[in-house]
Structures are given as C-alpha cells and as structure tokens.
Amino acid sequence: MPSVSMFLANPFKPDLRVEKEALSLHQGGYEVGILSWDRECRFPEEETVDGVKVTRIRVAAPYGRFLPLVPRFLLFYLSLVLKSIRVKIDAVHCHDMDTLLPGVLVSRLKRAVLVYDMHESYPDFISTFAPRALVWLLRLVEPILIRRADLVIATSSMIADIATRAGAAKVIVVMNCFDPLPPLVDEAREIRRSLLRGDELLIVYIGGLFAGRGLEEVVQAVSMVDGAKLFVGGYGPLEGDLRSLAGRLGAGDKVVFGGEIDPADVPRYDAAADVLLATYKATDPNNVLTIPNKLFESIAAGKPIIVSNIGEKSRLVSTEGNGIVVDPSDVAAIAEAIRTLKGDRRVYDAMASAAKGSQERYSWARMAAILNEGYAALLPARRVPPDLS
C-alpha cells in the first residue's frame, strides 16, 4: 500500500488533528508513519498507535526562546531528512510550515507527493516571539513553498484562501471536527452534581488560559448573572489573574478552576455543560483565520455556544443558528447572552437543536472522507485483501 510519512515539530503527545488524520488515512488504505520532534527527550522513541508508527527524533531544545532554538531546528531538519531517505515514502505530509522546508527536500529526493497541512498562518503565529526580519522572510518564502505542494490541506476556508492566493495547485478544507458524542449520561450527571447547586446554567471553557481569549470579560459577565456558573479547565499565564478577578468581583463561588484536564475527559465535560465558549479576540490574526476546536466540540455535544463576532467562527454560528455571537470585549453583551440561554428555554432548545442538526455536516467522518478523496486524486490507495485461508 502507498506509504505516507507525516512530519511534525512537536512530540505527538498525541496531537489530536495529526492523530485523527493519520488514523483516517490508515483506515483508508495507506501505510502511515509519523516523524515528530521530542524536544524534552522524554517520550518513547518509537511506538505504534492503532497501526500508525510514531518515531520521535530526540533533539533537546528550549521552548519560548527563539535564538537558541535555531541550531536545534537545523539538527531536527537534518535528522528528518536522514531518517526519510532510508525508507519507502510515497507522500510527505508536512504539518505546519515549520516542517515544510525539509518536506520539500525529501519529496524531491524520494520523488514523492508533497502535502502541506496548514493548521494556521505560521508567520502570524511566530510574529509574537520571533524577530521581525524572520517573520518578513517567512511571509516571502511561504507562497513559494506552497506552490511546490501537490496538495494543501487547510483548517478553514480563510486559511484555504491564503493558499489559493499563493498559487496552490489544489486546496481542500479539513476542519477539526468531531463525531457526535455518545450520551455519557452518567459521567455528565456526576460532573454536574459536583459543580452545581440547583438549576444553575453550567458554562464550560477548557483550553489554554492566555490573553486574547476573552476570559476576563467572561468572568465579569458570569459574576453579573444569577444562576450561572463557569467551569474553567486548563492552565496558562492568565490563571492567577483570572482567580484574582473572580475574587475581587465576589464571584469565587461562581467560577470553578479545574486545572489541567486530560484530553480523554474533555467529552465528559462537554456532555455535562449547558453552554460552551469561544470568545477569542482579534488580537492574534489566527484567532480570526481559524476555527477553535471548542466550536466543533459544541456541535458534537449538541450544545449552544457563545462565540466572538470575528472570522469564520462567527459566520458559521450565524449560519447554523447554534449559538450567540457577541463582541468579546463587551461584558454586558456576554452577560445578556448568558441570561438569554439561562432564562429563555425556547431559544436554548432551538440552538441546541441547530447544533444537533449540524452534526453530520461538521463531523470527523465527513472530514475524513474529504481527506481520503484528496489523497486518492494524487495517490490512489491500494487496499490489501484479507487473508481468507
């Protein structure tokens, strides 16, 4: 069967999108391997995950410090190339721009199909910590590399537009969707019992606690609404400020901090929630260009969501009717959205029904089909017939 080698500049702990794509291609008739970068040198060097071989390249490197990272990146690139030239590869699948340069080289050496998976706008991503000259250089180089790809996979239509304008040969959109959640009735009931008193509205946010996600405004809004409770799962530099803010507002009993949540437990909290949140601000261009997983989690759980009025997330929710769109800087508007979902059962039920009605359109099963169709147009899968002896 055709062999696909995925390049990834993180240790695959796992990376959820990468894992789902790898397993979908494997189930579609491709032999899939992942070459990833273990900067901390603490994960298994090799393992097999549901038929997908994961090989981690151990090159120690710091996080958050740009200049010491440069020579380590070059060592990682060299290791990627050396490991790749020794094995059969029919397609090189580069996740993010930070693996695209070695991907172009390996695809030429192996005469393999080149796939570029654009999770986000990479130059905009590194603009928060990298020198301006490098950001400028990457903006110049990215369109050149995009034109070398046989297939570009984008996480949203707005990311796809960037690839199309750069002259990509073929672009498909594979969003970070989820299949509908199973009922999880007992798990959800147990979480609600531990968090709520009476008929409170449970609002759930699980993710990084970083600036630009509208979390300060959400905490303020929740403090203004009777019968609302916010569960915040995750960690990040904003956690201390959020705790202090809740205390100053006298909302310590209305905002619960759950710390780091195991990804395997996130569906349980989504099932327990009444409402989910994605109130990102336009402080980072990628907050506009991409669609947060939380929106797709809300659809999979059949729950309304409160989203910010920027980018594709706003357009999707406005079209589907599965939530309320707000200005993420407007505390009063967020509070009013919470009051509406708490106090108007007709509105709540209509939005929950709209979320459930969107599940087939925004399911991973549909995204997996698009992914395999994109691959098949360039590299048809050859399924191995079962052994009937």
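Here the residue numbering is sequential within each chain, running from 1 through the sequence in written order. Two thresholds apply to this predicted model, a pLDDT of at least 70 for residue-level local features and 80 or more for giving and counting side-chain atom pairs, whereas whole-chain, interface and lining totals are computed over all residues. Think of the side-chain values as coming from all heavy atoms in the structure, minus any hydrogens and water.

Chemist: Break down the overall build of the protein chain for me, citing the residues and quoting the values.
Modeler: Secondary structure counts use DSSP, requiring at least four H or I residues in a row for a helix and at least two E residues in a row for a strand, with both numbered from the N terminus. Scanning the protein chain for helices and strands turns up 16 helices and 14 strands. By the compact-globule yardstick of 21 Å for 389 residues, the protein chain fits well, its C-alpha radius of gyration being 22 Å. Each principal axis of the C-alpha atoms in the protein chain carries an extent, and together these give about 65 × 55 × 40 Å. Looking at the protein chain residue by residue over its 389 residues, the buried ones come to 55%. Pairs of residues are marked as contacts when any of their non-hydrogen atoms sit within 4.5 Å. Considering only contacts within the protein chain whose residues lie at least 6 apart along the sequence, 67% involve residues at least 24 apart. With the model as given, the accessible surface of the protein chain reaches about 17,500 Å², and the carbon-plus-sulfur share is 53%. Residues counted as positive are Lys and Arg, residues counted as negative are Asp and Glu, and His and the chain ends are not counted. For this purpose, a charge sits on NZ of Lys, CZ of Arg, CG of Asp or CD of Glu. Counting 46 positive and 48 negative side-chain charges, the protein chain places the averaged centre of each group 4 Å from the other. Radius of gyration here uses only the C-alpha atoms, and the compact-globule reference equals 2.2 Å multiplied by the residue count raised to the power 0.38. When accessible area is computed with a 1.4 Å probe and restricted to protein chains, residues below 20% of their type maximum are described as buried, those above 50% as exposed, and intermediate ones as partly exposed. Computed with the Shrake-Rupley method and a 1.4 Å probe, the accessible areas treat only the protein chains shown as cover for residues.

Chemist: Talk me through helix 9 (residues 239-248); I want residue IDs and the actual numbers.
Modeler: Taken as a whole, helix 9 has its buried residues at E239, L242, L245 and A246. In an axial view of helix 9, the angular spread of the buried residues amounts to 125 degrees, which keeps them on one side of the axis. The exposed residues of helix 9 that point more than 90 degrees off its buried face are D241, G247 and R248. Buried residues along helix 9 sit in contact with helix 8 (215-223) and strand 11 (255-259). Of the residues flanking the end of helix 9, it is G250, one or two places downstream, whose phi is positive at about 70 degrees. An arc is given here, and it is the one of the directions from the helix axis to the C-beta atoms.

Chemist: Before we move on, could you go through the pairing of strand 5 (residues 91-95) and cite the residues and values that matter?
Modeler: Buried residues dominate strand 5, accounting for 5 of its 5 residues. Every second residue of strand 5 is oriented toward a common face, with A91, H93 and H95 on one face and V92 and C94 on the other, all of them buried. Inspection of the sheet shows strand 1 (residues 3-8) paired to strand 5 by 4 bridges, in the parallel sense. Each residue of the ladder has a partner; that of V4, found in strand 5, is A91. Two strands qualify as a pair provided DSSP detects at least 2 bridges between them. One ladder, built from 5 bridges, connects strand 5 with strand 6 (residues 113-118); its direction is parallel. Bridging across to strand 6, V92 finds its partner in L114. Seen with its strands pointing away from the viewer, a crossover is right-handed when the path leading from the first strand over the helix to the second is clockwise. As a crossover connection, the stretch from strand 5 through helix 3 (residues 100-110) into strand 6 is right-handed.

Chemist: A description of the sheet that holds strand 11 should follow, citing residues and the corresponding values.
Modeler: Pairing is parallel in the open sheet, where 6 strands are placed in the order 11-10-9-12-13-14. Looking along the sheet, the strands with just one partner apiece sit at the ends: strand 11 and strand 14 (323-326). If you compare each strand with its neighbour and ignore which way they point, the axes differ by 25 degrees on average. Of the pairings in the sheet, the one linking strand 13 (residues 305-308) to strand 14 comprises 4 bridges and is parallel in character. Directly across from I305, in strand 14, lies its bridge partner G323. Simply put, an axis is a line fit to the C-alpha atoms, just over the touching stretch for a helix, and the angle between two N-to-C directions goes from 0 to 180 degrees.

Chemist: Help me get a handle on the packing of aromatic side chains, residues and values and all.
Modeler: To pair, rings of Phe, Tyr and Trp, with the six-membered ring standing in for Trp, must have centres within 6.5 Å; the planes then decide the type, stacked if under 30 degrees apart, edge-to-face if over 60, and tilted in the middle. Within this structure, the stated rule accounts for 9 aromatic pairs. Taking 5.8 Å as the distance between ring centres and 50 degrees as the angle between the ring planes, the aromatic pair formed by Y122 and F125 counts as tilted. You can see Y122 and its partner F125 sitting in helix 4 (residues 122-126), 3 residues apart, about one turn around the helix. An aromatic cluster is built from W37, F73, F76 and Y77, whose rings are joined through pairwise contacts. Here K20 stacks its cationic end above the ring of F178, 4.1 Å away from the centre of that ring. Criterion for a charge above a ring: Lys NZ or Arg CZ within 6 Å of the ring centre, and within 35 degrees of the ring normal.

Chemist: Break down the pattern of salt bridges for me, with residues and values.
Modeler: Should a side-chain nitrogen of Lys or Arg be within 4 Å of a carboxyl oxygen of Asp or Glu, the pair is scored as a salt bridge. Counted by the stated rule, this structure contains 22 salt bridges. The partner of R17 in a salt bridge is E21, and the shortest N-O contact between them spans 3.1 Å. Of the two residues, R17 and E21 are both situated in helix 1 (residues 16-27); the distance of 4 residues between them amounts to about one turn of the helix. There is no split in this pair, since R17 and E21 are both buried. With a shortest N-O distance of 3.5 Å, R339 and E336 are connected by a salt bridge. Of the two residues, R339 and E336 both sit in helix 14 (residues 331-343), 3 residues apart, roughly one turn of that helix. Since its relative accessible area comes to 44%, E336 is described here as partly exposed. Among the charged side chains, a network of salt bridges with common partners joins R17, E21 and D117.

Chemist: Quick one: what's the story with the environment of V4, residue by residue and with numbers?
Modeler: Considering the arrangement of structural elements, one finds V4 in strand 1. Under the relative-accessibility criterion, V4 is labelled buried at 1%. Between the C-alpha atoms of V4 and A154, which are 150 residues apart in sequence, the distance is 18 Å.

Chemist: If you had to explain the nonpolar core to someone new, which residues and values would you point to?
Modeler: Core analysis: the biggest nonpolar cluster contains 58 residues, and M6, V32, I34, F231, F296 and Y375 have the highest contact counts within it. Among the elements that line this core, the one with the most residues is helix 16 (residues 364-378), at 5 residues. We call a set of buried residues a nonpolar core when its members are Ala, Val, Leu, Ile, Met, Phe, Trp, Tyr or Cys and they connect through side-chain atoms within 4.5 Å of each other. Core analysis: the next-biggest nonpolar cluster, separate from the first, contains 41 residues, L69, I89, I146 and A168 among them.

Chemist: Describe the sheet that holds strand 4 (residues 52-58), and please don't skip the residues or the numbers.
Modeler: Sheet strands pair by backbone hydrogen bonding; their relative direction is either parallel or antiparallel. One open sheet accounts for 8 strands, arranged 3-4-2-1-5-6-7-8; its pairing is mixed. The sheet terminates laterally at strand 3 (46-49) and strand 8 (171-173), the two strands that pair on one side only. Ignoring which end each strand starts from, the neighbouring axes of this sheet average 20 degrees apart. Judged from the 4 bridges that link them, strand 3 and strand 4 form a sheet pairing that is antiparallel. Bridge pairing in strand 4 places E47 opposite V54. Across the sheet, helix 2 (residues 66-84) touches strand 1, strand 2 (31-38) and strand 4, and the angle it forms with strand 2 is around 155 degrees.

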